[in-house]
Amino acid sequence: MEEKEYGFIKEGKVFRKAFLDCTDKEIGEVKETEEAAMLYYTERFALAQAKVNDVEEKINGTENKGSYLMKVLHLKETLHDFDAIGDFEGLYQRLDLLEEQLNSFVQQNRLKNLEIKTALLAELEEAVKSNEWKSATAEVKEVQRRWIKTGAVDDAEKERIEGTFKTMLDGFFERRAGFYADLEKMMKEKEANYKEFIDKAEKLKEIEGYTDLVEKIRTLKEEWKDLGRIKSDVRTEFWNQFQAIIKTAISKAKKEGKAKAGSGNKKENLENRSAFLKELETLNQKITPTANVKSLKDKWKNLGPVSRADMDRLQNEFLFLMDQISEKQFIESLLHKKLKGKQNDAEKERVRMKIIYDLLHRDKNELSTFKENLEKFNTSSGLDKLIGGKLELQERKVKVKEEILKQFKAGA
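Treat the numbers as computed from the prediction; the structure is a model and nothing was measured.

Visitor: Explain the packing of aromatic side chains here, please?
Guide: Here the distance between the centres and the angle between the planes together describe a pair of aromatic rings. Applying the stated criterion across every chain, the model contains 18 aromatic pairs. Taking the centre distance of 5.8 Å and the plane angle of 45 degrees together, the rings of F19 and Y92 count as tilted. Of this pair, F19 sits in the loop between β2 (13-16) and β3 (25-29) while Y92 sits in helix α3 (residues 88-127), and the two are 73 residues apart along the sequence. Classification of Y92 as buried rests on a relative accessible area of 7%. Members of the aromatic cluster, joined through ring pairs, are Y194, F197, W224, F238, W239 and F242. One residue, R16, lies across the ring of F88, its end atom 5.2 Å from the ring centre. Across the ring face of W300, the terminal group of R273 is positioned such that the distance to the ring centre comes to 4.6 Å.

This is how it looks when you write it as structure tokens:
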């Protein structure tokens, strides 16, 4: 029988000698010579050494050493079954030392993790108190992300700290879910207001006068703003319905207006337009006429056809009056910006006069410059017409302001 320090041969069988708690173990049989068999199993021990060397090198080469603890424990459980002859006891001593080092490292890490998670619990406790759900949810999820990223704590603390975290987290999301459920219910209830609004809007189609229709549409648009919050896609759907109703109502009113205008005779239309101009003249006698310029223009447009000659004359009067009304409103807005409503009447009159003088002076200078530039142009017939229109417009601007200045002086 051949026998060495870590193994022996008996009755044609190869045995590894007992070590630590492991008894003698049959690991093979002699196939050629006893020397060859012992050499084969002795050389195989290098493979067992390599397994231990490999895990030791990896542990020494990483910061996350704790992740190799299970690898070390697995080697300790399985290495004694490896068929080889050598110093297995020495390998187990190395593994014991590695296990001790890793346990110490893991314990330190778990203490550090406990500190981190305790701090995260404090952050979470503050975040879950908030009712600003969007920002609070972002904060809670950030704490949750950092919690998951942080490693385990000691088993003695695990149930307490993990349970506290889960309780706070669940409580927050339950409160948030309750809030949004209530909000959803409230929005559903408010949808009834929108449906009533649409029913009211349908009555726009029954309004005959275009001016009255425009005014009612403006009122309804203001009401729309106060209908309350509902889901954006549902609100958009109601808005589209409202816009479709407006479009239909306006189209209907315009058609009816044209039909009504066409059915009346030109003499009646002329009387209506002349009467309307007198209304504008009365309005224009005020230093600060208050009127919706667009509504006045719309009304003029729908008063019905007259002869071409009458329309040219009436249109010029209309434009001249409308320009004055618009200009006075513009002057009043400038006056308000300059004085901010704090000065007395005398100061207002003084500043108002200064504004009209400045505007008139500006328009006269522009007219003068335009006329000077006209002499330098050698224009074609097409441009003559365009430039003539521009000249007429500039001259009218001057006349408008001269007329307003005359009224301001008369009222001073």
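That covers the picture; the talk isn't over yet.
Visitor: Honestly, unusual backbone geometry in this entry has me stumped. Any pointers?
Guide: Backbone phi values are negative for most residues with the exception of glycine, while trans is the configuration of most peptide bonds. A positive phi angle, near 55 degrees, is found at E11, a position not held by glycine. Residue position: E11 is located in the loop between β1 (7-10) and β2. With relative accessibility at 75%, the residue E11 sits in the exposed group. Residues other than glycine seldom take positive phi values, yet L20 does so here, at roughly 50 degrees. With respect to the secondary-structure elements, L20 resides in the loop between β2 and β3.

Visitor: Got a minute to help me understand the environment of K254 in this structure?
Guide: Locating K254 in the fold gives a position in helix α7 (residues 232-263). Here the alpha-carbon distance between K254 and V52, two residues 202 residues apart in the chain, equals 94 Å.

Visitor: Which parts of the structure should I look at to understand the sheet that holds β3?
Guide: Across a sheet, strands are paired by hydrogen bonds formed along the backbone, either parallel or antiparallel in direction. Judged by pairing direction, the sheet is antiparallel, and its three strands sit side by side in the order β1-β2-β3 without closing on themselves. The open sheet terminates on both sides in strands that have one partner only, identified here as β1 and β3. Looking at each pair of strands side by side, their axes are set apart by 30 degrees on average, direction ignored. Direction of pairing for β1 relative to β2: antiparallel, over a ladder of four bridges. Paired with K10 across the two strands is K13, which belongs to β2. Across the sheet, helix α1 (residues 34-60) lies against β1, β2 and β3, angled at about 145 degrees from β1, the strand it touches most.

Visitor: Please clarify how the nonpolar core should be interpreted in this entry.
Guide: Across soluble globular proteins, you tend to see nonpolar side chains buried next to one another. Residues F197, L204, F238 and F242 are the most contacted members of the largest nonpolar core, which totals 22 residues. The set of elements that each furnish at least two residues to this core consists of α5 (155-202), α6 (210-225) and α7. Top contributing element to this core by residue count: α7, with seven residues. With residues up to four places along the chain from it excluded, the contact list for F242 reads F197, I198, A201, L204, L220 and K221. By size, the runner-up hydrophobic cluster in this structure holds 20 residues, among which are F19, V52, V55 and L95.

Visitor: Where do I start with the environment of D182 in this structure?
Guide: Inspection of the secondary structure puts D182 in helix α5. In this structure, the C-alpha to C-alpha distance between D182 and L319, residues 137 residues apart in sequence, is 57 Å.

Visitor: Can you help me understand the packing of helix α2 (residues 69-78) against α3 in this one?
Guide: Helix-helix packing is described using two parameters, namely the angle between the two axes and the distance between the axes. In contact at an axis separation of 10 Å, α2 and α3 are set at 155 degrees when each is read in the N-to-C sense. The angle between the axes of α2 and α3 places the two elements in the roughly antiparallel class. Every pair of crossing elements has a handedness; the one defined by α2 and α3 is left-handed. Of the residues in α3, those touching α2 at L69, V72, L73, L75 and K76 are Y92, L95, D96, L98, E99, L102, N103 and V106. Across the contact of α2 with α3, the residue classes break down as nine nonpolar, one polar and three charged.

Visitor: I tried to follow the pattern of salt bridges on my own but got confused; where do I start?
Guide: It is possible for side chains bearing opposite charge to pair when their charged atoms get close. Tallied over the entire structure, the rule returns 29 salt bridges. Residue E126 pairs with K129 through a salt bridge whose shortest N-O separation is 3.2 Å. Accessibility expressed as a relative area gives 52% for E126, which makes it exposed. According to the relative accessible area criterion, K129 is exposed, its value standing at 54%. Between E317 and R313 there is a salt bridge; the shortest N-O distance is 3.5 Å. Here E317 pairs with R313, and both are found in helix α10 (residues 308-339), just four residues apart, close to one helical turn. Exposure remark for R313: the relative accessible area of 40% places this residue in the partly exposed category. Residues participating in the shared-partner salt-bridge network are E327, R362, D363 and K401.

Rules used throughout
Residues numbered from 1 in each chain as written. Predicted model: local features only at pLDDT ≥ 70, side-chain atom pairs only at ≥ 80, totals over all residues. Heavy atoms only, no water. Phe/Tyr/Trp six-rings, centres within 6.5 Å; stacked < 30°, edge-to-face > 60°. Helix = DSSP H or I, 4+ residues; strand = E, 2+ residues; numbered from the N terminus. Buried < 20%, exposed > 50% of the residue type's maximum accessible area, 1.4 Å probe, protein only. Lys NZ or Arg CZ within 6 Å of the ring centre and 35° of its normal. Pairing = 2+ DSSP bridges. Axes fitted to C-alpha atoms, helices over the stretch in contact; angles between N-to-C directions. Contact = heavy atoms within 4.5 Å. Core = buried A, V, L, I, M, F, W, Y, C linked by side-chain atoms within 4.5 Å. Parallel < 35°, antiparallel > 145°, perpendicular 65-115°, else oblique. Left-handed = near helix turned anticlockwise from the far one by under 90°. Nonpolar A, V, L, I, M, F, W, Y, C, P; charged D, E, K, R; others polar. Salt bridge = Lys/Arg side-chain N within 4 Å of Asp/Glu carboxyl O.

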